[in-house]
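Summary of the model geometry
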Amino acid sequence: MSFVIAAPKQASVPVKGTHLRFPVRRIYCVGRNYHDHVAEMGGIPGREPPFFFQKPADALLLDENFLYPSASNDVHHEVELVVALHSGGKNLAVEDASRHIYGYAVGIDMTRRDLQGEAKKAGKPWEVANAFDHSAPISGITPKADIGLLERASISLHVNKVQRQNSDISEMIWSVTEIISELSKLFELHAGDVIFTGTPSGVGPLQPGERIHAAIERVGELTLQVCKPS
Ligand code: MN
């Protein structure tokens, strides 16, 4: 096939322990999936149906340097378990969902909280708040074949060695398999889709110069340097 311009690069993430990469088709994100985070955002903790939004695949950031984005003075970190799918479908049953998981990664759903607040107030879409360039730093992917199905694992984030977020993925309101099932009712899922599964409490603002360390037990770690844009 011949294109009239050079084809955009396929987004991909390295797979740990290999020289191979996982190609990314779509990034889905889950909002408000830990009770303590719902509470800190001023919501009423409860089991509301999960809601979803997307980031473009090229929002993934594999570089250690996170450039502070434009148009915001209040960029927040949200550490999240990321699930990568090697198959998909529509209307998947919760009991069948785990077989679609290829592996797991540590991700940060970077959020321009000031723009998100304005969008919420005005009933506008979230793209400018959540789907900006490099808004999805991610670690390498650890295959499920190496660690098994992840149902419990500590998840944490430190800024300049001070702990900001600390929880366990078993605290999710909607579990990973429930998320896959619910999402597949709204979108047909495919190999290459990745899902950011929501953040625990402790989200907060970042400043240029700060160093971030995020970790999920058995999955991996992610280190970032927040840089001033040049
Ligand atoms: Mn999030």
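See the structure printed just above.
Predicted model, so just to flag it, every value in this text is computed and none were measured.

1. Overview of the overall build of the protein chain
When its secondary structure is counted, the protein chain shows 6 helices and 18 strands. With respect to the principal axes defined by its C-alpha atoms, the protein chain has extents near 50 × 40 × 35 Å. A burial count over the protein chain gives 52% of its 230 residues as buried. Summarising the internal contacts of the protein chain: among those between residues at least 6 apart in sequence, 76% fall at separations of at least 24. Counting only carbon and sulfur atoms, one obtains 52% of the accessible surface of the protein chain, whose full area is about 11200 Å².

2. Section: the coordination of the manganese ion
Protein ligation of the manganese ion involves Glu78 (OE), Glu80 (OE) and Asp109 (OD), the donor distances falling in the range 2.1 to 2.2 Å. As a motif over one chain, the donors of the manganese ion read E-x1-E-x28-D. Of this pair, glutamate 78 sits in the loop between β7 (75-77) and β8 (79-85) while aspartate 109 is found in the loop between β9 (101-108) and β10 (111-112), placing the two residues 31 residues apart along the sequence. Relative accessible area serves as the criterion here: at 6%, glutamate 78 is assigned to the buried category. The buried category is assigned to aspartate 109, whose relative accessible area is 1%.

3. Observations concerning the side chain of lysine 144
Structurally, the position occupied by lysine 144 is in helix α5 (residues 144-147). We note that lysine 144 is buried and unpaired, the nearest opposite charge coming from glutamate 151 at a distance of 10 Å. When sequence neighbours within four positions are dropped, the list of residues in contact with lysine 144 reads Ser98, Arg99, Ile101, Tyr102, Gly103, Tyr104 and Leu149.

4. With respect to the pairing of strand β13 (residues 154-159)
Where β13 meets strand β14 (residues 162-168), 6 bridges bridge the pair, whose relative direction is antiparallel. Across the sheet, residue histidine 158 finds its bridge partner in β14, namely glutamine 163. Hairpin connection from β13 to β14: 2 residues lie between these consecutive antiparallel strands, with asparagine 160 at a positive phi of about 50 degrees. As paired elements, β13 and strand β17 (residues 211-216) share 5 bridges and run antiparallel to each other.

5. Some points on the packing of aromatic side chains
For the structure shown, the criterion picks out 4 aromatic pairs. Here the aromatic rings of tyrosine 28 and phenylalanine 187 are separated by 5.1 Å at their centres, their planes lie at 45 degrees, and the arrangement is tilted. With a gap of 159 residues between them, tyrosine 28 in strand β3 (residues 27-31) and phenylalanine 187 in the loop between α6 (176-186) and β15 (194-196) connect regions that are remote in the sequence. Accessibility expressed as a relative area gives 32% for phenylalanine 187, which makes it partly exposed. Ring plane angle 55 degrees and centroid distance 5.4 Å describe the contact between phenylalanine 53 and tryptophan 126, whose orientation is recorded as tilted. Here the residue phenylalanine 53 occupies a position in strand β4 (residues 51-55), and tryptophan 126 occupies one in the loop between α3 (113-122) and α4 (127-130), the gap between them amounting to 73 residues. In terms of burial, phenylalanine 53 and tryptophan 126 fall into one category: buried.

6. Re the pairing of strand β18 (residues 220-227)
Counted residue by residue, β18 has 6 buried out of 8 residues, so it is predominantly covered. Pairing of strand β6 (residues 65-67) with β18, which is carried by 3 bridges, proceeds in the parallel orientation. Its bridge partner lying in β18, leucine 67 is registered against cysteine 227. With 6 bridges joining them, β17 and β18 adopt antiparallel strand pairing. What sits directly across from alanine 214, in β18, is leucine 222. Counting the residues that bridge the hairpin from β17 to β18 gives 3 residues, and of these arginine 218 lies at a positive phi of roughly 70 degrees.

7. Points about the sheet that holds β7
The antiparallel open sheet is built from 3 strands, whose spatial order is β10-β7-β16. What marks the edges here is a single partner per strand, and that holds for β10 and β16 (204-205). Two strands pair when backbone bridges link them, and β7 and β16 are joined in this way by 2 bridges, in the antiparallel orientation. Bridge pairing links histidine 77 to glycine 204 in β16.

8. Some points on the nonpolar core
Formed by 45 residues in total, the largest nonpolar core has its most connected members in Leu81, Met110 and Ile180. Mapped by element, the contributors of at least two residues to this core are β3, β8, β9, β13, α6, β17 and β18. In this structure, Ala11, Val13, Val15 and Ala136 belong to the second largest nonpolar core, which totals 21 residues.

Conventions we followed
- Residues numbered from 1 in each chain as written.
- Predicted model: local features only at pLDDT ≥ 70, side-chain atom pairs only at ≥ 80, totals over all residues.
- Heavy atoms only, no water.
- Helix = DSSP H or I, 4+ residues; strand = E, 2+ residues; numbered from the N terminus.
- Buried < 20%, exposed > 50% of the residue type's maximum accessible area, 1.4 Å probe, protein only.
- Contact = heavy atoms within 4.5 Å.
- Areas by Shrake-Rupley, 256 points an atom, 1.4 Å probe, with all protein chains shown as cover.
- Donors = N, O, S within 2.8 Å, 3.2 Å for Na, K, Ca; no water.
- Lys, Arg positive; Asp, Glu negative; His and termini not counted.
- Salt bridge = Lys/Arg side-chain N within 4 Å of Asp/Glu carboxyl O.
- Pairing = 2+ DSSP bridges.
- Phe/Tyr/Trp six-rings, centres within 6.5 Å; stacked < 30°, edge-to-face > 60°.
- Core = buried A, V, L, I, M, F, W, Y, C linked by side-chain atoms within 4.5 Å.

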